[in-house]
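Chain and residue survey
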Amino acid sequence: RLGGDLSNLDKSQASKYGIEGGVVVKKVFDNGALKNARVQPGFIITSIVTSDGEQEITSVDDLNNILQGLSGTVSMRGIYSNYGETYTYPLNLDQ
């Protein structure tokens, strides 16, 4: 659905970045929401923001559970390992 190869961030990396966990975008496929949002490989997804508020993401299972049944556009927040700031991307789940 998102159009990418995703994996869980390992615990040692998570503690290095000062986060509980996250989902690493290993590869972005040519079709899907990640490509359309211009997410780059290496992005670590840490939360999804919907009309119900922000929900923390610590694993691929968390991400799948939160996105299940959602439609429209949500915001995805996270970090790149070599940059200290948080990035927010709009994700159109209807694509």
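Computed from a prediction, not measured in an experiment: that's the story for all the values here.

Reading guide: rules and limits
Residues numbered from 1 in each chain as written. Predicted model: local features only at pLDDT ≥ 70, side-chain atom pairs only at ≥ 80, totals over all residues. Heavy atoms only, no water. Helix = DSSP H or I, 4+ residues; strand = E, 2+ residues; numbered from the N terminus. Rg over C-alpha atoms; globule rule 2.2 N^0.38 Å. Buried < 20%, exposed > 50% of the residue type's maximum accessible area, 1.4 Å probe, protein only. Contact = heavy atoms within 4.5 Å. Areas by Shrake-Rupley, 256 points an atom, 1.4 Å probe, with all protein chains shown as cover. Lys, Arg positive; Asp, Glu negative; His and termini not counted. Charge placed at Lys NZ, Arg CZ, Asp CG, Glu CD. Phe/Tyr/Trp six-rings, centres within 6.5 Å; stacked < 30°, edge-to-face > 60°.

Okay, the overall build of the protein chain next. Within the protein chain, the secondary structure is distributed over three helices and six strands. Listing each helix as α and each strand as β along the protein chain from the N terminus yields β-α-β-α-β-β-α-β-β. By the compact-globule yardstick of 12 Å for 95 residues, the protein chain fits well, its C-alpha radius of gyration being 12 Å. By its C-alpha atoms, the protein chain is 35 × 30 × 20 Å across when sized along the principal axes. Every one of the 95 residues in the protein chain was classed for burial, and the buried ones make up 41%. Considering only contacts in the protein chain between residues 6 or more positions apart, those separated by 24 or more positions represent 50%. On the protein chain, roughly 5500 Å² of surface is accessible, and the fraction owed to carbon and sulfur atoms is 41%. The distance from the centre of the 8 positive side-chain charges to the centre of the 11 negative ones in the protein chain is 8 Å.

In total, this model carries three aromatic pairs according to the counting rule given. Geometrically, the ring pair formed by Phe 43 and Tyr 80 is tilted, given 5.0 Å between the ring centres and 55 degrees between the ring planes. With a gap of 37 residues between them, Phe 43 in strand E3 (residues 43–50) and Tyr 80 in strand E5 (residues 73–80) connect regions that are remote in the sequence. There is no split in this pair, since Phe 43 and Tyr 80 are both buried. Taking 5.1 Å as the distance between ring centres and 90 degrees as the angle between the ring planes, the aromatic pair formed by Phe 43 and Tyr 89 counts as edge-to-face. Highlighted residues: Phe 43 in strand E3 and Tyr 89 in strand E6 (residues 86–92), separated in sequence by 46 residues.

Our focus in this paragraph is the side chain of Thr 50. Its place among the elements puts Thr 50 in strand E3. According to the relative accessible area criterion, Thr 50 is buried, its value standing at 16%. Aside from chain neighbours lying at most four places away, what touches Thr 50 is Gln 55, Leu 70 and Val 74.

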